[in-house]
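Close look at the chain arrangement
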Amino acid sequence: MTASCQYHTAKRCYNHAMKSAHTILSHLQGQPQFRYLKRHECYQKYIRLLGEKYQKAIAFVYIKQNTLFVAVTHPGFKMELNYNKEVLKDILSRFALSEKNCSMLQADKVVIFHSKYHKVPAHTEESSTVPHYYELAEGEFEVCTENAKLQEKFEAIKKNIKKNR
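Residues numbered from 1 in each chain as written. Predicted model: local features only at pLDDT ≥ 70, side-chain atom pairs only at ≥ 80, totals over all residues. Heavy atoms only, no water.

**Focus: the state of the cysteines**
Two cysteines joined by a covalent bond between their sulfur atoms form a disulfide. Taken as a whole and judged by the stated rule, the model has one disulfide. A disulfide bridge connects C42 with C102, and the sulfur atoms are separated by 2.0 Å. Disulfide C42-C102: torsion about the S-S bond near -85°, hence left-handed. Taken together, the positions of C42 in helix α2 (residues 35-49) and C102 in the loop between α5 (85-98) and β5 (109-114) put the pair 60 residues apart, joining distant regions of the chain. (Disulfide = S-S within 2.5 Å. Helix = DSSP H or I, 4+ residues; strand = E, 2+ residues; numbered from the N terminus.)

Have a look at this one:
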């Protein structure tokens, strides 16, 4: 006897009570071999709790032996976050208390390091980084010199100015 199906088409049974992708992923996160998925999700939530400035600065975080390791994308961010280690630790401890699934995130120390890894931005707007200016000079000027080399250089400058108009 087959399982009861709500709707049949071309010898296929479509049961509307099928599991969704979210249900399957939640089940997998509960398995011991995939415990790192749960931790990774908690790390991402923690980074989202920080301000937008810190979100841009932090490439990734992880906890090892009660130490929070924070990888930053630029050495300048490293200096700034070094001054705010206590804030990072405080936010982590409050987050672990409030979020039941992430209660395993405990850290006594914070280590900040520069990483060559750069996270992929969510979406990038294409913009030209080279400013394009229109040439305002007309290239009409007198060259008052007797030196032939200087005369050549000024004529080349005149040509470039007229070409870029």
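**Section: the side chain of T67**
Examined against the element boundaries, T67 turns out to sit in strand β4 (residues 67-72). Those residues within four positions of T67 in sequence are excluded, and the remaining contacts are Y62, A107, K109 and V111. (Contact = heavy atoms within 4.5 Å.)

**Quick notes on α2**
Over its 15 residues, α2 extends 22 Å from the first C-alpha to the last, a length consistent with the 21 Å expected when each residue adds 1.5 Å. For α2, every residue scored as buried is listed here: C42, Y43, Y46 and I47. Buried residues of α2, viewed axially, fall in a sector of 140°; they line one side. (Expected span 1.5 Å × (residues − 1). Buried < 20%, exposed > 50% of the residue type's maximum accessible area, 1.4 Å probe, protein only. Arc of directions from axis to C-beta.)

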